Amino acid sequence: MNEQTQDNMADRRWPDDGVTRVPAWLYSDPDIFAREMQTFHYGKTWNFVGLDCEIPEPGSYKRSWVGERPVIVTRDQDGNVNVVENRCAHRGALICWKNKGEARELTCPYHHWAYDLKGNLMGLPFLRGAHGKGGMPRDFNKAEHGLTRLRVAVRGGTIWATYSEETPSFEDYVGPEILMRLDRLVSRRPLRLVGYSRQMVKSNWKLYWENSRDPYHATLMHPFLSTFGILRTDGDYHSVPLEGGKHEYTYSQYDPELKNKSSDASRQIKSIKSDLQIQDKEVISSVVDEFNDGMMGAFQIFPTVLVQQYFNCLVVRHMIPKGPGAHELAWTYFGYADDDEQMQELRLKQSNLVGPAGFVSLEDSEVLSLMQPVAESYPDSVQVLEMGGHGTEAQSTMMTETLIRAFYDFYRREMKL
Amino acid sequence: MQPISISRTELRDFYDDIAAMLDAEDLGAFPAFFTTDALYRVISRENFDAGLAHAPIHCRGRAMIEDRVNATREAALYQPRLLRHFISGVRIAGGTGDEVQATANFLIIESLLEQEPQILMVGQYVDRIVREDGALRLRERTCVYDNYHIRTTLVIPV
Amino acid sequence: MAEWIQVAEESDIVEGEAFPTEINGTAIALYRFEGGLFAIGDICTHEHVRLSDGWLDGDRIECPLHQSCFEIRTGKCVEGGPAWQDVDHFAVKVEEGSVFVAPSA
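Just so we're clear, the structure is a prediction, and the values are computed from it rather than from any experiment.

Novice: Looking at this structure, how should I read the sheet that holds strand β18 (residues 327-336) of chain A?
Specialist: Sheets are built from strands paired through backbone hydrogen bonds, the pairs being either parallel or antiparallel. Within the open sheet, the eight strands sit side by side as β13(A)-β14(A)-β15(A)-β16(A)-β17(A)-β18(A)-β12(A)-β7(B). Their pairing is mixed. Every interior strand has two partners, whereas the edge strands, β13 (237-242) of chain A together with β7 (150-151) of chain B, have only one. Here strand β17 (residues 313-321) of chain A runs beside β18(A); their pairing, made up of eight bridges, is antiparallel. Along β18(A), the bridge assignment pairs R317(A) with W331(A). Most of the contacts of helix α3 (residues 170-186) of chain A go to strand β14 (residues 247-253) of chain A, to which it runs at about 55 degrees, and overall it touches β12 (191-201), β13, β14, β15 (295-301), β16 (305-310) and β17 of chain A. Running at roughly 155 degrees to β18(A), helix α8 (residues 341-350) of chain A makes contact with β12, β16, β17 and β18 of chain A of the sheet.

Novice: Help me out: how do you make sense of the interface of chain A and chain B in this one?
Specialist: Accessible area lost on assembly of the parts is the figure often given for the size of an interface. Taken residue by residue, the interface counts 38 residues in chain A and 32 residues in chain B. Counting only elements with at least two residues in the side of chain A that touches chain B, the list comes to β12, α6 (223-227), β18, α8 and α9 (362-377) of chain A. No other element matches the nine residues that β12(A) contributes to the side of chain A that touches chain B. In terms of residue class, the side of chain A that touches chain B is built from 18 nonpolar, 12 polar and eight charged. Examined bridge by bridge, β12(A) and β7(B) share two bridges and lie parallel to one another. In the strand pairing of β7(B), Q199(A) is matched with I150(B).

Novice: Got a minute to help me understand the interface of chain A and chain C in this structure?
Specialist: Contacts between the two partners involve 11 residues from chain A, matched on the other side by nine residues from chain C. For the side of chain A that touches chain C, the per-class residue count stands at seven nonpolar, two polar and two charged.

Novice: Would you mind showing me how to read the pairing of strand β3 (residues 26-33) of chain C here?
Specialist: For a regular strand, the rule is simple: side chains alternate between the two faces of the sheet. All names here are of chain C. Bridge analysis of strand β2 (residues 19-23) against β3 gives five bridges, and the strand direction is antiparallel. By the bridge assignment for β3, E22 is matched with A27. The antiparallel hairpin formed by β2 and β3 contains two residues in its connecting segment, where N24 sits at a positive phi of about 45 degrees. The pairing of β3 with strand β4 (residues 36-41) spans six bridges and is antiparallel. What sits directly across from R32, in β4, is L37.

Novice: It is not clear to me how the nonpolar core should be interpreted in this structure. Could you clarify?
Specialist: Most often, soluble globular proteins keep nonpolar side chains buried together rather than apart. V49(A), V71(A), V73(A), Y208(A), I301(A), V307(A) and V42(B) are the most contacted members of the largest nonpolar core, which totals 139 residues. Ranked by the residues each element gives to this core, the list is headed by helix α10 (residues 402-415) of chain A, at seven residues. Apart from residues no more than four positions distant in its own chain, I301(A) is found in contact with F48(A), V174(A), I178(A), H247(A) and V307(A). Counting residues in each nonpolar core, the second largest holds 25 residues, with I13(C), I72(C), C77(C) and F90(C) among its members.

Novice: I would appreciate a short explanation of helix α1 (residues 8-23) of chain B in the present structure.
Specialist: Residues and elements named next belong to chain B. With 16 residues, α1 should reach 22 Å at 1.5 Å per residue; the first-to-last C-alpha distance of 22 Å fits that figure. For α1, every residue scored as buried is listed here: F14, Y15, I18 and L22. In an axial view of α1, the angular spread of the buried residues amounts to 90 degrees, which keeps them on one side of the axis. Among the exposed residues of α1, those oriented more than 90 degrees off its buried face are T9, E10 and A20. Just beyond α1, the residue with positive phi is E25, at close to 55 degrees.

Novice: Teacher, can you tell me more about the pairing of strand β5 (residues 118-132) of chain B here?
Specialist: Residue and element names in this part refer to chain B. In terms of strand pairing, strand β4 (residues 99-112) meets β5 through 11 bridges, oriented antiparallel. If you follow L107 over to β5, its bridge partner there is V122. The loop that links β4 with its antiparallel partner β5 comprises five residues; one of these, E114, has a positive phi angle of about 70 degrees. Looking at chain direction, β5 and strand β6 (residues 135-145) are connected through 10 bridges and run antiparallel. By the bridge assignment for β6, G123 is matched with Y145.

Novice: Where do I start with the sheet that holds strand β8 (residues 114-115) of chain A in this structure?
Specialist: Taken together, three strands build an open sheet; the order of strands is β7-β8-β9 (chain A) and the sheet is antiparallel. The open sheet is flanked by β7 (106-107) and β9 (121-123) of chain A, the only strands paired with a single partner.

Novice: Please explain the arrangement of the chains as it appears in this structure.
Specialist: By number of contacts, the leading pair among the two pairs of chains in contact is chains A and B. For chain B and chain C, which are not in contact, the least C-alpha distance works out to 27 Å.

Novice: Looking at this structure, how should I read the environment of D23(B)?
Specialist: All names here are of chain B. Along the chain, the position of D23 falls in helix α1. Sequence separation between D23 and V100 is 77 residues; the distance between their C-alpha atoms is 25 Å. Filtering out sequence-adjacent residues up to four positions away, D23 remains in contact with L83, R84 and H85.

Novice: What exactly am I supposed to notice about unusual backbone geometry here?
Specialist: Trans peptide bonds make up most of the peptide bonds, and negative phi angles are found at most residues other than glycine. Residues and elements named next belong to chain A. A cis geometry characterises the amide bond from F302 onward to P303, with omega recorded as 0 degrees. In this structure, P303 sits in the loop between β15 and β16. Even without a glycine there, the phi angle at H131 is positive, about 55 degrees. Positionally, H131 belongs in the loop between β9 and β10 (149-155). Even without a glycine there, the phi angle at N292 is positive, about 55 degrees. Note on placement: N292 falls in the loop between α7 (264-268) and β15. Taking the number of C-beta atoms within 10 Å as the measure of exposure, N292 has 6 and is therefore exposed.

About the thresholds
- Residues numbered from 1 in each chain as written.
- Chains lettered and ligands numbered in written order.
- Predicted model: local features only at pLDDT ≥ 70, side-chain atom pairs only at ≥ 80, totals over all residues.
- Pairing = 2+ DSSP bridges.
- Helix = DSSP H or I, 4+ residues; strand = E, 2+ residues; numbered from the N terminus.
- Contact = placed C-beta atoms within 7 Å.
- Axes fitted to C-alpha atoms, helices over the stretch in contact; angles between N-to-C directions.
- Nonpolar A, V, L, I, M, F, W, Y, C, P; charged D, E, K, R; others polar.
- Core = buried A, V, L, I, M, F, W, Y, C linked by C-beta atoms within 7 Å.
- Buried ≥ 20, exposed ≤ 12 C-beta atoms within 10 Å, placed from the backbone.
- Expected span 1.5 Å × (residues − 1).
- Arc of directions from axis to C-beta.

Laid out in structure tokens, this is it:
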């Protein structure tokens, strides 16, 4: 980090009230964003880069992103998974221009430097010049000019990458609670890729990060949830911060009778429209309890993903920052290789619920994209986070902002703010 | 069963009627353009070309289309917007049994408060059309969008 | 055996240099190595380029583009470069000072 950045950062002071207040400059300051990328995405974290079913065969590759940096995920001829920067070691050109494909090698379009799928430089045109002229110096060593490789972890059907040699093992990084929940979804059966949705959201990545740690908004802003009794404030619900606030999970037991119940809490929510009926019940009630535990929920693995099980819709929401004021939301929907046709169709139907057109998610990007310019207009304003008290402990309610407070507790330590 | 015969003029009118209804956000009229067993999907070119089934909007049967309309009108929150659909290149691609296959390009311009109008989505309709009680109806409409990203949100059916 | 095609005079082909030519539209190169004469396909199996424009090192020709190496006596691809398929090799004979190559590989 250069001195200029440090000087600017020195002016930044967190409000005195601690994690119950979040300053708005956090969402727009380019120096903050640069430090976040260095500290988190390019630091000691495991970043989601894809699913193993996306690169099924030796020679399969796909593009992904770590922070703002483009990377390539490959399966080499030995069957191993590699993650390399999508940046030629020669002049920095983007090597891979397709999102997915099959290849024996990665060749830069600019000067045709050719790398194997592990990122080793195999050859470059006219190393020895032509007709005795030109060429690289005699001491040029191809072994020193491979693509930058990231450390890779594969857990079940998921692939993760880190820039740092100091990042602990993936299992230690996520901790036992997340590991158990991740394995429940991705390690018991081989995965099937159902498809992608990509969404550009003009808001700081943390606004979305907080949004999926915010059960308080869910029944209010997503009227579909309460209308169809999918999730109500009077249902069984747990908000659990983990690993010092870095990760979190939320879960609830699904109660098919909930829509017929009325309670003080649900009466208070104006958005409930109990006369609204859904005709194709399969979307929300023809649910297969495929994990035999009646649970649904989601968990975050910092700093890149929310892994979500919504009934039988399984999806990884990958937040890819694009500067301080925007992020791409890449949704990868998956099922299992042995899903029968009926289950495949059920997952497709239920994916109407979550995604860029999802009944219980479309409001998020609407609100956040309108919130970003407000944050930029009032950089010295603060957000208030007191729902559920001032603490950062696990709570068995939706009426809490404990998960956001816990996140900023972690964030401030790491960012030294 | 003979393939139905549809003139290009009639087909063009059919597409224009759907577009006008969507421009007016008269979504209550949307399901009637479909057969009861219709498949309606809005899917990315990326998924469509790769044979991946996921579609951000996936309605199998008119009941699900009605659910989508009701949820959009009654249980969705989104900023005010005006949409204009520009449909071009309407073509009959073939006919089998009692249906014709047709394709057309769509361009949807979205106007939001405080912003210049922008392209919300561009792509191609891939349709299977039948005649029921004298009227044309969609047995299948797959809206394949070329956009790499959906801009912010997809609310109104395409 | 298909007919032999005359491609060079024996003195044209010297140790340490490739002799590129073609037979029936196929690019080949001839080499002299340890007294023997050899002919192999001259287009790299990785990218379309003449190997004879590359670097001759002992019994190997190294591709000018990405340093894939091929044995000049057999056309065999040497592991380590991006190419993985051999180039063809051709029978060679000398009669009365002229060099002939058999076009069928």
